[in-house]
Protein chains: 2
Amino acid sequence: MKKIGFIGLGVMGEPMAMHLLEKYHELYVYTRTKKKADAIINKGAIWCETIGELAEKCEIIITIVGMHTDVQDVYLGKSGLVNVCNPHTILIDMTTSSPSLAQEIYEKALTKEIFVLDAPVSGGDIGAQKATLSIMVGGDENIYHECLPIFESLGKNIVYQGKAGSGQHTKMVNQIVIAGNMIGMVEALVYAKQANLDVNRALKSISSGAAGSWQLQNNAPKIINKDYEPGFFIKHFVKDIHLAQEEARNVATDLPGLDLVESLYASLMENGYGNLGTQALIKYYEDEEF
Amino acid sequence: MKKIGFIGLGVMGEPMAMHLLEKYHELYVYTRTKKKADAIINKGAIWCETIGELAEKCEIIITIVGMHTDVQDVYLGKSGLVNVCNPHTILIDMTTSSPSLAQEIYEKALTKEIFVLDAPVSGGDIGAQKATLSIMVGGDENIYHECLPIFESLGKNIVYQGKAGSGQHTKMVNQIVIAGNMIGMVEALVYAKQANLDVNRALKSISSGAAGSWQLQNNAPKIINKDYEPGFFIKHFVKDIHLAQEEARNVATDLPGLDLVESLYASLMENGYGNLGTQALIKYYEDEEF
């Protein structure tokens, strides 16, 4: 059995690492803020002081960190994984990150006989806790198959998407769909209120038909209750939208809908709403600051 | 039993009228082009030569015509329903039409003791055929209850939305949601193709999660197969968007997402794509004309 390491014990990473520890009984962990590792160390995970120490001990290493700049550091920094891992190590980045960066990491790692998968997830903290994440994987297909048991202990809808970067690209596709669903839902709710409709009744009419969506089901009721707690942070969504725009620009593709949604969320960020959930987009329409 | 009349035997109206004929055995019909009534006359429906003749014979009259300008003619024209019906007639307009016009018709009819419901539907021709339409109803609640057996023979998700115009407003809410879902889905597919993803696989990863929607389920596969046959015509969707924009402007509400989608569909109309299905929005991104 290959030894498994895990880097990044945030709101997503911690429950994921817990599932791996339960399944494999042995797990090496590192995270920037050691305090975040306390719970899992208490359950028996083995703490590593540095990425280098973890790299030395492990043959498969999973990362899920905050921003794609963190991914860059963790993988390509001087003491980053690509520079410190042994040949034949398998690295799996589950952060939502840049497709181009994923390709770059894959290629640089390959020159050292290190194999990398990009495997971002959707399903949020609840999905991480319940091990029901969707996992979209890019990289070499044989490496994917070798890692499938790991993925199966973390998620339900696991799909191999193709060569390196394809996992990240698929996550971008996911976020672009959500951007549109979000603006449609929010503008519809704004209209419904202005028209003095009973908004819950209106939702009852439309939710099961051609307007139906996960967002309408899950976020519209939150908006009606003025509940802006993050299921997914605005600041993270904006990060993802920027990554998608960057990739789209690389191939000279105009996505005016995505650009519009980005500009509205950018206004929200400027007004200090980055830590609210994405459903707080309605504030752009209803708050007087805008 | 009150005698029922039906005006408008198009792709939606004909199957709806058929259901009523089956349930009530007696049905009076009128439509602008008599040929369209042949099938239902053969089944036993009674043809009326004019709206006036139908109005004279019927106590409940259902209309589902093309545009809101047709609604205006049929209801408020010199020989229109409001001017020719007997007092205590109930009129039900199931066309997707202007909320303001619905309110105007309701008020003018009321002065003649004629009662009007606005009851637009969603679910398309399939919903009309299978009697599974969503029906959103505005007008007096006691009149709604009196007409409920009629609605129940036409649809499944029947919701009383409030005073006159509320049915139409709810349909606008439905269309605004769809506008957003449509642009999100289409831009995501454009991105996926540019990124050289296997688009079907990408859909497999994202359709069951937070990006999931009726549109993604039903229209994304059509787009992948370049099937632009109308489930719902672009020209009708543009009509609906204009109605929603008009109402939004009345209350000085800006809906930039809706405006953007409108401008893209307007380009498609100008290029002669009005008779394609709404999923042909992708042509804006992929055809060289744009």
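Residues numbered from 1 in each chain as written. Chains lettered and ligands numbered in written order. Predicted model: local features only at pLDDT ≥ 70, side-chain atom pairs only at ≥ 80, totals over all residues. Heavy atoms only, no water.

### A word on the domain arrangement of chain A
All names here are of chain A.
Here comes step 1: Here chain A is partitioned into domain 1 (4-163) and domain 2 (169-284).
Here comes step 2: Inter-centroid distance (C-alpha atoms) of domain 1 to domain 2 is 29 Å.
Here comes step 3: Both sides together, the interface formed by domain 1 and domain 2 hides about 1,100 Å², and carbon and sulfur atoms give 58% of it.
Here comes step 4: For the interface between domain 1 and domain 2, the tally reads 0 salt bridges.
Here comes step 5: Linking domain 1 with domain 2 are 5 residue pairs in polar contact (both at pLDDT 80 or more), by the criterion used here.
Here comes step 6: Looking at the side of domain 1 that touches domain 2, the elements that each hand over two or more residues are helix H6 (99-110) and strand S7 (121-122).
Here comes step 7: Ranked by the residues each element gives to the side of domain 1 that touches domain 2, the list is headed by H6, at 3 residues.
Here comes step 8: In terms of residue class, the side of domain 1 that touches domain 2 is built from 5 nonpolar, 9 polar and no charged. (Domains from an automatic or database assignment. Buried area = accessible area lost by both parts, 1.4 Å probe. Salt bridge = Lys/Arg side-chain N within 4 Å of Asp/Glu carboxyl O. Polar contact = N/O pair within 3.5 Å; in protein donor to acceptor, adjacent residues only side chain to side chain. Helix = DSSP H or I, 4+ residues; strand = E, 2+ residues; numbered from the N terminus. Nonpolar A, V, L, I, M, F, W, Y, C, P; charged D, E, K, R; others polar.)

### Here's the deal with the relation of the copies chain A and chain B
Here comes step 1: Rotating chain A by 180° about the axis while translating it 0.0 Å along that axis superimposes it on chain B, leaving an RMSD of 0.0 Å. Read as a symmetry element, the transformation amounts to a two-fold axis. Relative to the rotation axis, the C-alpha of Ser213(A) is the closest in chain A, positioned 1.9 Å from it.
Here comes step 2: A share of 100% of interface residues in chain A that are also interface residues in chain B marks the association as one of identical surfaces. (Least-squares fit on C-alpha atoms with pLDDT ≥ 70 in both. Contact = heavy atoms within 4.5 Å.)

### Notes on unusual backbone geometry
Here comes step 1: Unlike most non-glycine residues, His88(A) shows phi in positive territory, near 75°.
Here comes step 2: Examined against the element boundaries, His88(A) turns out to sit in the loop between helix H5 (81-84) and strand S5 (90-93).
Here comes step 3: A positive phi angle is found at His25(B), which is not glycine, with a value near 65°.
Here comes step 4: Here His25(B) lies in the loop between helix H1 (13-24) and strand S2 (28-30).

### Considering the interface of chain A and chain B
Think of interface size as the accessible area that goes away when the parts come together; that is how it is often given.
Here comes step 1: Listed per partner, the contact involves 58 residues of chain A and 58 residues of chain B.
Here comes step 2: Taken over both partners, the interface formed by chain A and chain B buries close to 4,700 Å², and the fraction arising from carbon and sulfur atoms is 63%.
Here comes step 3: The largest per-residue losses of area from chain A upon contact with chain B belong to Tyr191(A), Ser205(A) and Ala210(A), which jointly make up 14% of the total buried on that side.
Here comes step 4: The tally of links between chain A and chain B comes to 0 salt bridges.
Here comes step 5: The interface formed by chain A and chain B contains 26 residue pairs in polar contact (both at pLDDT 80 or more).
Here comes step 6: Of all the secondary-structure elements, those providing two or more residues to the side of chain A that touches chain B are strand S8 (133-138), strand S9 (155-162), helix H9 (166-194), helix H10 (199-206), helix H11 (214-218), helix H13 (234-250) and helix H14 (256-270) of chain A.
Here comes step 7: Among the elements that make up the side of chain A that touches chain B, the one with the highest residue count is H9(A) (20 residues).

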